[in-house]
Amino acid sequence: MQLERRWHDAAEIFTLTGDLVLGGPELELRSETQTALEDGRSLLVLDLSGIVRIDSAGIGELISCLKQARKCNARLVLLRPSRRVRDALLLCGLDQLIEMYVDEAEAVRQRP
């Protein structure tokens, strides 16, 4: 997995590409999101459009990032998950826990 960071107002957008699977650099995602939260970001957007495969370890990493964000009173949302990734998240019921968007402008809009 590769990760790029960019900012949009109070949001930090992480663009992920490759595989979010066990044995990959998924811990980098947790570290980078923690850094963003420590920097005071109130919204983390994970752009998953470039993720080809996700397994239970990758899903666990998304849950860990969500927990980190909630502890810091921040929001974590997903942007453009591929069909395969979206299906895996739906199967696990994560669509009930994590907001998903197809439009970046909508994803970065602040909500109370």
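Coordinates for the structure precede this section.
About the cut-offs
Residues numbered from 1 in each chain as written. Predicted model: local features only at pLDDT ≥ 70, side-chain atom pairs only at ≥ 80, totals over all residues. Heavy atoms only, no water. Pairing = 2+ DSSP bridges. Helix = DSSP H or I, 4+ residues; strand = E, 2+ residues; numbered from the N terminus. Axes fitted to C-alpha atoms, helices over the stretch in contact; angles between N-to-C directions. Contact = heavy atoms within 4.5 Å.

(A) Expanded view of the sheet that holds strand β5 (residues 99-101). With mixed pairing, five strands are arranged side by side in an open sheet as β1-β2-β3-β4-β5. Of all strands in the sheet, those with a lone pairing partner are β1 (2-8) and β5, marking the two edges. On average, adjacent strands in this sheet sit at an angle of 25 degrees to one another, irrespective of strand direction. Here nine bridges tie strand β2 (residues 11-20) to strand β3 (residues 43-54), and the two strands are oriented parallel to one another. Following the sheet pairing, A11 is matched in β3 by L43. The strands touched by helix α2 (residues 56-71) within the sheet are β2, β3 and β4 (75-79), with β3 carrying the most contacts at an inclination of about 180 degrees. Each of β3, β4 and β5 touches helix α3 (residues 83-92); the most contacted strand, β3, lies at about 110 degrees to it.

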